[in-house]
Amino acid sequence: MKSQFLILIISIIFFSCSEQKKEKVAVEKKPERVETAKKQIDTLTISERQDLTDKSVIERYFPEENETIKFDTILSAQNLKISIQSTTLDSYVTNEFESDGIKYIDKYRDSKKHLRILNGNQVILDTTFVKETFVDYAGQEFLDIANLHGYWFNGIDKNVLEFFGAINKPETDWSYAFYHFFDLTNQEFRIEEHIDEEI
């Protein structure tokens, strides 16, 4: 029994000494890791500051990329096909504002509207509109801060096609909205300003 007790005590002493050695080794290595980690934290902090400085001005485009969208309408009773193609241009109008110390520069791309009207296979009209087309109605001062937002087919009354268009200053309710009538008989356009009586 004494020999078993002696083996047990030697084992305990042996294990306790070996654990202390492991702790010493771990303690010796900890300062190296802390210094390395501190260097990494400092590097990350500097990088984050640089990123924030770079992002103190954010420039965005609407839409992000140049795009072309096409809308086709078929009036089977009149044997007409109306095609409106909207293509963004490289020019844009700018809206700037600041929020939480960050300056935002939003750039809204201008667009052109290509209108084609076919009667069967015969082209009746093939024309393109840009916002400057409406300078006599909306004024150059307004066109400098606005873009041709949209142009849609609205309907037909007798022999007259009705379109609706809007030139808007982005992010505001300032707009010039208009009806655009195309007479199929004499093939002439007529413009009427749309006035919203609810405003």
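As shown above, the structure is provided for reference.
Residues numbered from 1 in each chain as written. Predicted model: local features only at pLDDT ≥ 70, side-chain atom pairs only at ≥ 80, totals over all residues. Heavy atoms only, no water.

Caption draft 1: The overall build of the protein chain, seen in detail. Scanning the protein chain from N- to C-terminus turns up 3 helices and 9 strands. Put simply, the protein chain runs from its N terminus to its C terminus through helices and strands in the order α-β-β-β-β-β-α-α-β-β-β-β. The long-range fraction of contacts in the protein chain, counting pairs at least 24 apart against all pairs at least 6 apart in sequence, stands at 44%. When the accessible area of the protein chain is evaluated, it comes to approximately 14600 Å², of which 52% is carbon and sulfur surface. (Helix = DSSP H or I, 4+ residues; strand = E, 2+ residues; numbered from the N terminus. Contact = heavy atoms within 4.5 Å. Areas by Shrake-Rupley, 256 points an atom, 1.4 Å probe, with all protein chains shown as cover.)

Caption draft 2: Seen up close, the pairing of strand β3 (residues 80–99). The sheet contact formed by strand β2 (residues 68–75) and β3 spans 8 bridges and is antiparallel. Each residue of the ladder has a partner; that of F71, found in β3, is I84. The hairpin turn running from β2 into β3, its antiparallel successor, is 4 residues long, and N79 in that turn takes a positive phi close to 60 degrees. Summarising the sheet, β3 and strand β4 (residues 102–119) pair through 17 bridges and their orientation is antiparallel. What sits directly across from E98, in β4, is K103. Where β3 hands over to β4, the hairpin turn is made up of 2 residues, of which D100 adopts a positive phi near 55 degrees. (Pairing = 2+ DSSP bridges.)

Caption draft 3: Structural detail: the packing of aromatic side chains. Applying the stated rule across the entire model yields 16 aromatic pairs. Ring centres 5.5 Å apart and planes at 10 degrees place the aromatic pair Y151 and F163 in the stacked group. Within this pair, whereas Y151 is found in strand β6 (residues 147–157), its partner F163 is found in strand β7 (residues 160–168), the two being separated by 12 residues in sequence. The class for Y151 is buried, based on a relative accessible area of 4%. An aromatic cluster is defined as three or more aromatic residues linked by ring pairs; in this entry it consists of F129, F134, Y151, F153, F163, Y176, F178, F182 and F189. (Phe/Tyr/Trp six-rings, centres within 6.5 Å; stacked < 30°, edge-to-face > 60°. Buried < 20%, exposed > 50% of the residue type's maximum accessible area, 1.4 Å probe, protein only.)

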